[in-house]
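Residue strings, one per chain:
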Amino acid sequence: MSIQSINPVNGQIIKTYQEDSAKEITGKIENAHKAWATWRKTSFAERASLLTNTAAILRARKAELAALMAMEMGKPLKDGMAEVEKCALVCEYYAANGEAFLKDQPAPTDATNSYVSFQPIGVVLAIMPWNFPFWQSFRFLAPGLMAGNCALLKHASNVPGCGLITEEMLLQAGFPKGVFQTLMIGSKAVKQVIEHPYVKAVTLTGS
């Protein structure tokens, strides 16, 4: 099976992508779990630095990303530029505030010392829509990665290029391989991902 990126203005095929096989899907999940074993132990400072790098890359590639959105889902360039800037801001926001959000919270009990601790849970699957192809991804991945989780993105099938370039930018920013991956799959393959024991949570935006 293949996934096609089609220009909504003229119906022309922009690019055709090969859909991940069941074996490739399992491989990506296992790679994410393996990456998490190390990623969960990184410091907040290290994660924040990589998110800050990502923000800089988003701004440097703003025109390119806006043009990609315009081709894949018809967003006006001005709106696309604003969306990319919003993505950069959310990366910077969680880089600056994530550690404080996840700080241990004292909990009064009869014990000598008791508190609530927020720990990374593992691999999180995000199923995201086409209308804000970068913002929907970054509003999930910025806090998720800052919390020490790893992420798999199943993007809407009409914006595969946006999903793949997101993974490319995170690697460019210095995130280790496997921490964030884009799944090239249709909706029928999602069940396989959700059922995998390494996938600990799912976040969905859609109808």
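Everything below is about the structure shown above.
Since the structure is predicted, the reported quantities are computational estimates derived from the model, not experimental observations. (Residues numbered from 1 in each chain as written. Predicted model: local features only at pLDDT ≥ 70, side-chain atom pairs only at ≥ 80, totals over all residues. Heavy atoms only, no water.)

Colleague: Just checking my understanding: could you explain the environment of Ala 142 for this structure?
Modeller: The topology assignment puts Ala 142 in helix 5 (residues 135-146). Separated by 128 residues in sequence, Ala 142 and Ile 14 place their C-alpha atoms 29 Å apart. (Helix = DSSP H or I, 4+ residues; strand = E, 2+ residues; numbered from the N terminus.)

Colleague: How should I be thinking about helix 3 (residues 62-73) in this particular structure?
Modeller: The periodicity of an α-helix, 3.6 residues per turn, causes residues three or four positions apart to be oriented the same way. Across its 12 residues, helix 3 extends 16 Å between first and last C-alpha, which sits within 8% of the 16 Å expected from 1.5 Å per residue. Within helix 3, burial applies to Lys 62, Leu 65, Ala 66, Leu 68, Met 69, Glu 72 and Met 73. Considered in projection along helix 3, the buried side chains sweep an arc of 160° and stay on one side of the axis. Buried positions along helix 3 lie against strand 1 (2-6), strand 2 (13-18), helix 2 (44-60), helix 4 (77-101) and helix 6 (160-173). Positive phi shows up at Gly 74, right after helix 3, with a value of about 80°. (Expected span 1.5 Å × (residues − 1). Buried < 20%, exposed > 50% of the residue type's maximum accessible area, 1.4 Å probe, protein only. Arc of directions from axis to C-beta. Contact = heavy atoms within 4.5 Å.)

Colleague: Whenever I open this one, the side chain of Ser 137 confuses me. Can you help?
Modeller: Relative to the helices and strands, Ser 137 is located in helix 5. Within polar-contact distance, the side chain of Ser 137 engages the backbone oxygen of Pro 133 at 3.4 Å. (Polar contact = N/O pair within 3.5 Å; in protein donor to acceptor, adjacent residues only side chain to side chain.)

Colleague: Explain the side chain of Glu 83 to me, please; I cannot follow it from the model alone.
Modeller: With respect to the secondary-structure elements, Glu 83 resides in helix 4. Not counting chain neighbours up to four residues away, the residues in contact with Glu 83 comprise Met 69, Lys 75, Asn 131, Phe 132, Pro 133, Phe 134 and Trp 135.

Colleague: Explain the packing of helix 3 against helix 4 here, please?
Modeller: Two packed helices can be described by the angle between their axes and the distance between those axes. Contact geometry for helix 3 and helix 4: axes closest at 8 Å, N-to-C directions at 125°. Considered as vectors, helix 3 and helix 4 are oriented oblique to each other. Here the hand of the crossing between helix 3 and helix 4 comes out right-handed. Contacts from Lys 62, Ala 63, Leu 65, Ala 66, Ala 67, Met 69 and Ala 70 in helix 3 reach Leu 77, Gly 80, Met 81, Glu 83, Val 84 and Glu 85 in helix 4. Of the residues assigned to the contact of helix 3 with helix 4, the class counts are nine nonpolar, one polar and three charged. (Axes fitted to C-alpha atoms, helices over the stretch in contact; angles between N-to-C directions. Parallel < 35°, antiparallel > 145°, perpendicular 65-115°, else oblique. Left-handed = near helix turned anticlockwise from the far one by under 90°. Nonpolar A, V, L, I, M, F, W, Y, C, P; charged D, E, K, R; others polar.)

Colleague: Would you take a moment to explain the nonpolar core for this structure?
Modeller: The tendency in soluble globular proteins is for nonpolar side chains to be buried as a group. Counting residues in each nonpolar core, the largest one holds 56 residues, and the members touching the most others are Leu 58, Phe 134, Phe 138, Leu 152, Phe 175 and Val 193. Considering every element that reaches this core, the biggest residue donor is helix 5, with seven residues. For Leu 58, the contacting residues outside a window of four places in its chain are Leu 65, Val 84, Cys 87, Ala 88, Cys 91, Phe 138 and Met 169. (Core = buried A, V, L, I, M, F, W, Y, C linked by side-chain atoms within 4.5 Å.)

Colleague: When you look at the environment of Leu 50 in this model, what are you seeing that I'm missing?
Modeller: Position of Leu 50 relative to the elements: it lies in helix 2. Assessed through its relative accessible area of 10%, Leu 50 is described here as buried. The sequence separation of Leu 50 and Pro 143 amounts to 93 residues, and the corresponding C-alpha distance is 12 Å. The residues touching Leu 50, leaving out its near neighbours within four places in the chain, are Trp 39, Ala 173, Gly 174, Phe 175 and Pro 176.

Colleague: Is there a simple way to think about the pairing of strand 6 (residues 150-154) in this case?
Modeller: In regular strands, side chains alternate between the two faces of the sheet. Of all the five residues making up strand 6, five are buried; the element is thus mostly covered by neighbouring parts of the structure. What you see with strand 6 is no split at all: Cys 150, Leu 152 and Lys 154 on one side and Ala 151 and Leu 153 on the other are buried throughout. Following the backbone out of strand 5 (residues 123-127), through helix 5 and into the adjacent parallel strand 6, one traces a crossover that is right-handed. Two elements, strand 6 and strand 7 (residues 180-182), share three bridges in a ladder whose sense is parallel. The partner of Leu 153 across the bridge, within strand 7, is Thr 182. Note on the crossover from strand 6 through helix 6 to strand 7: the handedness is right-handed. (Right-handed = clockwise from strand over helix to strand, strands pointing away. Pairing = 2+ DSSP bridges.)

Read these as spatial facts, not as claims about activity.
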